[in-house]
Amino acid sequence: MASYHKPESKTIQELKDIANKLRIHSIEATQASKSGHPTSCSSMAEIMSVLFFHTMRYKVSAPRDPSSDRFILSKGHAAPILYAAWAEAGLFPASELLNLRKFDSDLEGHPTPRLNFIDVGTGSLGQGLSVAAGMAYVGKNFDKASYRVYCLIGDGEAAEGSIWEALHFSSYYKLDNLCAIFDINRLGQSEPTSLQHNMEVYRKRLEAFGFNALVVDGHDVEELAKAFHEAQNTKGRPTAILAKTFKGKSFPNIEDLENWHGKPLGTKANEITQYLTGLLKNTGPLGLHPQKPLVDDAPVVDIKNIKLASPPSYKLGEQVATRLAYGTALAKLAKNNPRVIALDGDTKNSTFAEKIKTVDPSRFIEGFIAEQNVVGVAIGAACRDRTVAFVSAFATFFTRAFDQIRMGAISQTNVNFVGSHCGVSIGEDGPSQMGLEDIAMFRTIPGSTVFYPCDAVSTERAVQLAANTKGVCFIRTSRPATAVVYKNDETFAPGKAKVLRSNVEDQVLVIGAGVTLHEALKSADELLAKAGIHVRVIDPFTIKPLDAQTIIKNAREAGGRIVTVEDHYAEGGLGEAVISAVSLERNIIVKKLAVPEVPRSGPPNVLIDNYGISARKITSAIQDVLKL
């Protein structure tokens, strides 16, 4: 390990002074907003001082420079001290801190990327370390750059399972460019944490997870500086700095006391501010400068206008599962752009994400069965536009990572999610494996795009479009093989539906997606052949945005009657999207077919029919609406 040089006494004092300045800023900001978490800020003041003014390398003029160190504040409620650190570094005037939590200020109660020095939104606890691990993975394996990643974690949030998923991932992949800092201040929101200050238990747990675990006095700047030095020089495993701290440190009559979480100091603020000011030894400008020399070695990355290496090449009528077409398209994208990566949770041979390994094995990241962490890692990997990340799993398993996904939207992430094995059409595996809530879930995500391709051609195009679409994207793929209905040169766009059956004599419009589109086509063909009834059929391609204009136009041309059919629960899926689209239109009725209850195991065709979404049931529904 490189030899450690103790900082000069002048430097140590200045770091102590910065810590107390950060405390003062946190008090003043939370007093101005009449809300916030000054005691949670105070416990980490020395950590922030040493990190931002002694250890980390970054450009104040370009906080998201690709070569700079990354910092993730997992305990997002301590945002005021993070804002204060950047203000002290010179990014913006300290007077701006008094706008904390105001409606017209981007200094929000918890950090979001509206600020140019924030990579991801935090505040839903337990997620920061997964994001940091994703950043570190990219830095080590793709960028092969010198930047390091620091993540500050509260001891309360260390109870979250996602933290331990991230610890396992980071250790398994030997992310020695990652440093996790645990601010162990003993107190949670409503009572002491389960381990309080039992530092030896923390140390043993972190060592058991494969970390270089360092227990330090979190208020001793020299100990912290030495620990960060050791972390920088530890190879082959990540480091965890376990900092014993006190909530409300240096706040007389508040330090280490309960019932001060999430409260400004009120009438005690002036007294405590004066006390902290009295601790300052340097009243003028500090000699320390936050600008550290960077190793400018992060490569230039271009992730714009990503295309398939070759167009789809299928025959009309050929039976191909859309999950297989996803894997094919993923490999084509990867062949054409070195920054396309795939992550999965031990389902890669079912989702077919493993096909990217035929192009470049290094661009597949196995996350094992830890979906919350896999999603967080992907969000981190996509930060600063370093990669185009595709995350696949059985669609139903994304529900356990919904919090990470919704925080991804707050983080302005461009991660693409691919959910296979959706609906009762998966068959015998039963309801625990059936994605029946996934469309509803992803539709609720702000700015999301929800693709539901029905065949191999539209799936490949959905994958290409997702790679170039801002925001969270979700592609719903199916387990059964379905017939190719589109020519290989068919063009697709989000929010643009396709009319697959049309006649001037159409009496009803049927809208299906994925497997149910094929049931709709079968029903339309049978009704025409057996009863002379003309049925129009639309493939929406995307459920969000939904092509309301095309749907309304064709519904009117088909007598104002719509039947929707989906392999999804009735709430929040295709049917409700269509109902919302036509809700203000006169003389249009909608009959919705969807899975009405928790299903059971059985052959796919039996389940599709039993739960009311087969061609036979569509035919019956059409006959019903024609009577209205």
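Residues numbered from 1 in each chain as written. Predicted model: local features only at pLDDT ≥ 70, side-chain atom pairs only at ≥ 80, totals over all residues. Heavy atoms only, no water.

Per an unreviewed UniProt entry, the chain goes by transketolase and derives from Polistes dominula. In UniProt, the chain has this text filed under Sequence similarities (unreviewed entry): "Belongs to the transketolase family." The record in UniProt for the chain states the following under Subunit (unreviewed entry): "Homodimer." (UniProt positions renumbered as here; feature names shortened; annotations may be inferred.)

**Comments concerning the packing of helix α1 (residues 9-33) against helix α4 (residues 79-89)**
Here α1 crosses α4 at 120°, and the two axes come no closer than 9 Å. Comparing their axes, α4 and α1 come out oblique. In this structure, α1 crosses over α4, and the sense of that crossing is right-handed. Note on element contacts: α4 touches α1 through Pro80, Ile81, Ala84, Ala85 and Glu88, opposite Lys21, Leu22, His25, Ser26 and Thr30. (Axes fitted to C-alpha atoms, helices over the stretch in contact; angles between N-to-C directions. Helix = DSSP H or I, 4+ residues; strand = E, 2+ residues; numbered from the N terminus. Parallel < 35°, antiparallel > 145°, perpendicular 65-115°, else oblique. Left-handed = near helix turned anticlockwise from the far one by under 90°. Contact = heavy atoms within 4.5 Å.)

**A word on the UniProt feature "domain: Transketolase-like pyrimidine-binding" (unreviewed entry) in the chain**
Using the residue numbers shown here, the UniProt feature "domain: Transketolase-like pyrimidine-binding" (unreviewed entry) corresponds to residues 320-484. A helix fraction of 35% and a strand fraction of 19% characterise residues 320-484, whose end C-alpha atoms lie 7 Å from each other.

**A word on the layout of surface pockets**
Rolling a probe over the atoms, with the probe sized like a water molecule, indicates the empty space that remains. In this structure, the largest pocket occupies an estimated 490 Å³ of space. Considering the residues around the largest pocket, the lining is formed by 23 residues, among which Ala382, Asp385, Gln412, Asn414 and Lys470 are closest to the centre. Among the residues forming the lining of the largest pocket, the class breakdown is eight nonpolar, nine polar and six charged. (1 Å grid on protein atoms, 1.4 Å probe; cavity = no way out; pocket = protein on both sides within 12 Å on 5 of 7 lines; lining within 4 Å. Points joined across faces, edges and corners; volume = space filled by probe spheres on them. Nonpolar A, V, L, I, M, F, W, Y, C, P; charged D, E, K, R; others polar.)

**A word on unusual backbone geometry**
Proline 545 follows lysine 544 through a cis peptide bond whose omega is -5°. Within the fold, proline 545 resides in the loop between β17 (542-544) and α17 (548-557). In this model, lysine 34 sits at a positive phi of 60°, which is unusual for a non-glycine residue. By secondary structure assignment, the location of lysine 34 is in the loop between α1 and α2 (38-42). Of the residues examined, lysine 34 reaches a relative accessible area of 68% and is grouped as exposed. (Buried < 20%, exposed > 50% of the residue type's maximum accessible area, 1.4 Å probe, protein only.)

**Let's talk about the environment of glycine 109**
Summarising the element assignment, glycine 109 is placed in the loop between α4 and α5 (128-143). Of the residues examined, glycine 109 reaches a relative accessible area of 15% and is grouped as buried. Excluding residues within four positions of it along the chain, glycine 109 makes contact with Gly76, His77, Ala79 and Arg101.

**Some thoughts on empty space enclosed by the protein**
Counting across every chain of the model gives five cavities of 30 Å³ or more. For the largest cavity, the lining is made up of 17 residues, of which Phe71, Trp86, Phe117, Ile118 and Asp119 are closest to its centre. Secondary-structure elements contributing two or more residues to the lining of the largest cavity are β1 (70-73) and α4. The biggest single contributor to the lining of the largest cavity is β1, with three residues. Its residues placed into classes, the lining of the largest cavity shows 13 nonpolar, one polar and three charged. Reported here for the second largest cavity is a volume of approximately 80 Å³. What lines the second largest cavity is a set of 14 residues, among which Gly121, Gln127, Val131, Met407 and Ser411 lie closest to the centre. Elements with a minimum of two residues in the lining of the second largest cavity: α5 and α13 (402-410). No other element matches α13, which puts three residues into the lining of the second largest cavity. When the residues that make up the lining of the second largest cavity are grouped by side-chain class, the tally is four nonpolar, ten polar and no charged.

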